[in-house]
Structure formats: structure tokens, C-alpha cells
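Single-letter residue listing:
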Amino acid sequence: MTDNIFQKADDFVLELFKTQLDETYVYHNYMHTARVVKSTKEIIENTEIDVKEEQALIIAAWLHDTGYIHGAEGHEERSAQIAEEFLTKHNADQSTITLVKKLILATKFNGTPQTALEEILRDADASHFAKDYYDETSELLKKELELRGIATYTNKEWRQENIRVFTEKHRYYSDYAIKNWNKDKNENLMKLLRKKKKINKNLKRRNLKLI
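Thresholds applied
- Residues numbered from 1 in each chain as written.
- Predicted model: local features only at pLDDT ≥ 70, side-chain atom pairs only at ≥ 80, totals over all residues.
- Heavy atoms only, no water.
- Salt bridge = Lys/Arg side-chain N within 4 Å of Asp/Glu carboxyl O.
- Helix = DSSP H or I, 4+ residues; strand = E, 2+ residues; numbered from the N terminus.
- Buried < 20%, exposed > 50% of the residue type's maximum accessible area, 1.4 Å probe, protein only.
- Expected span 1.5 Å × (residues − 1).
- Arc of directions from axis to C-beta.
- Polar contact = N/O pair within 3.5 Å; in protein donor to acceptor, adjacent residues only side chain to side chain.
- Contact = heavy atoms within 4.5 Å.
- Phe/Tyr/Trp six-rings, centres within 6.5 Å; stacked < 30°, edge-to-face > 60°.
- Lys, Arg positive; Asp, Glu negative; His and termini not counted.

Asker: When you look at the pattern of salt bridges in this model, what are you seeing that I'm missing?
Answerer: Should their charged atoms come close, side chains of opposite charge can pair. Considering all chains together, one arrives at eight salt bridges under this definition. The salt bridge partner of Arg164 is Glu161, with a shortest N-O separation of 3.0 Å. Of the two residues, Arg164 and Glu161 are both situated in helix α8 (residues 155-169); the distance of three residues between them amounts to about one turn of the helix. By relative accessible area, Arg164 is classed as partly exposed at 30%.

Structure follows, in C-alpha cells:
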């Protein structure tokens, strides 16, 4: 495998998404992928793992959503297949290919990561919950669901859905994310709850005036 495999993966994903990803994917695109790579590196820098594991994680982060060029359904499996083809082309050994594919499959939101490495990539993929760009990514995902004809939410419905995901569906797994991201995730949740409370209060006040 070539020394500059990370740059090759970056270039590959950028070109792939530019030429084959439907423009309705306003969230699951190159920007999201680059942010997941950055978050993966953030966890790696604060976690004791060996060089080969680090390499597999970063490659998996770059390639984890490439399957979206064929649609959202089953994209993890297709991403793993694209990763295998990419790595084979660049002479990766079989153990690296197998690990990268396992890591990509571990990004399924309804699944549970089974290893420390799977926890890292899973957390990186959901790092936006704890970032200052959360509001931006949330709006992009809402728009993507609408553009793809999957679901249309009012602002109130979307806020409630996000609160549900924060409180019922998502958790961080890696030691680093639990220690360093949970606080900011909770702050983003509190912003949603404060906004909900403020809007409900204003609605109640307006309804009282109408009586």
C-alpha cells in the first residue's frame, strides 16, 4: 500500500462524490466525510492504538459513506465493497481490507460497536452532536430527507425528533468521546430544550391573548 494512501483516499472520495453522488445529498457528502475524518483523528491522537489500526481507521473514515452513490439503503455494505476495491487497487494486505470493511459496517446507527476501534469510528461519525456546527448539520440533514422524499418535518417536529435522538437513540462509546464530547452534546441538547420551552411559552401567551 502506498505511503500517501490517505491523500489518495481523500482524492478518490472527492472525485467520486463530485461525479456520482446525487446533489440531493446535502448532508451525506464530502464535507460530512471530511469532518468525520477530522473527528477520527482527534480521538486517535488521544487514544493508544498501533499504527496499522490508526491507518485502517482513517481509511475507513474516508470511505464510510461512499456507498451513498448508490442510495441510502444498505449504503454501509456498498461502502465496504467500494473500500475493498479501492484498497485492492492500492495493494493493501487482506487483514487491512478486512478491518476497514468491519469498521465501515460498524457505522450502522442502529447497531452496537463490538471493538474499541469500531467505537472510535462510530463516535466520529456522530461527533456533530457535540460540535458547534451541530445546528448547521441538523438543518442539512432535515433538508436532505425532504429532497430525497423520505420525510418532511416542520421545525417543531424536527426539534422534537432531534431531542428524541439525543435522549433515546444516541450515545458515545469511546473513552475519549465520553470524557470530552458528552458535555458539549448535552449543551446542544439543552439549547433544543430551551428553544422548545421558549416557543411553547410564546404560543401559550399568544393563545391567552386570543381568548
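Asker: What's the story with helix α2 (residues 30-45) in this structure? I'm lost.
Answerer: Because the α-helix completes a turn every 3.6 residues, residues three or four places apart line up on one side. The end-to-end C-alpha distance of α2 is 23 Å, a good match for the 22 Å that 16 residues give at a rise of 1.5 Å each. Regarding α2, the residues found buried are His32, Thr33, Val36, Val37, Ser39, Thr40, Ile43 and Ile44. Buried residues of α2, viewed axially, fall in a sector of 170°; they line one side. Residues of α2 that are exposed and point more than 90 degrees away from the buried face comprise Lys38 and Glu45. Near the N-terminus of α2, the side chain that reaches the backbone nitrogen of Met31, with its oxygen 3.2 Å away, is that of Asn29.

Asker: Is there a simple way to think about the side chain of Thr24 in this case?
Answerer: Counting through the fold element by element, Thr24 comes out in the loop between α1 (5-20) and α2. Within the structure, Thr24 has its side chain in polar contact with the side chain of Asp22 (distance 2.7 Å). The contact partners of Thr24, leaving out residues within four places of it in the chain, are Glu144, Leu147 and Arg148.

Asker: Quick question: what am I supposed to make of the packing of aromatic side chains here?
Answerer: The relative placement of two aromatic rings is captured by the distance of their centres and the angle of their planes. The full count for this structure, using the stated rule, is nine aromatic pairs. Between Tyr30 and Trp62 the ring centres are 6.0 Å apart and the planes differ by 25°, which places this aromatic pair in the stacked class. Remark: Trp62 occurs in helix α3 (residues 51-63) and Tyr30 occurs in helix α2; sequence separation between them is 32 residues. Seen from their ring centres, Phe129 and Phe166 are 5.0 Å apart, and the 70° between their planes marks the pair as edge-to-face. Placement of the pair is Phe129 in the loop between α6 (116-125) and α7 (134-147) and Phe166 in helix α8, with a sequence separation of 37 residues.

Asker: Just to check I follow, could you spell out the side chain of Asp65 for this structure?
Answerer: Tracing the backbone through its elements, the reader meets Asp65 in the loop between α3 and α4 (75-89). Look at Asp65: it is buried, it has no salt bridge, and the nearest opposite charge is Arg78 at 10 Å. Ignoring any residue separated from it by four or fewer positions in sequence, one finds Asp65 in contact with Phe17, His28, His32, Thr33, His75 and Ser79.

Asker: Where do I start with α8 in this structure?
Answerer: Between its terminal C-alpha atoms α8 stretches 20 Å, which fits the 21 Å expected from 15 residues at 1.5 Å a residue. Buried residues of α8: Trp158, Arg159, Asn162, Ile163, Val165 and Phe166, and no others. Projection of α8 onto a plane perpendicular to its axis shows the buried side chains occupying an angular sector of 155°, all on one side. In α8, the exposed positions angled more than 90 degrees off the buried face are occupied by Lys156 and Glu168.

These figures capture arrangement, not role.
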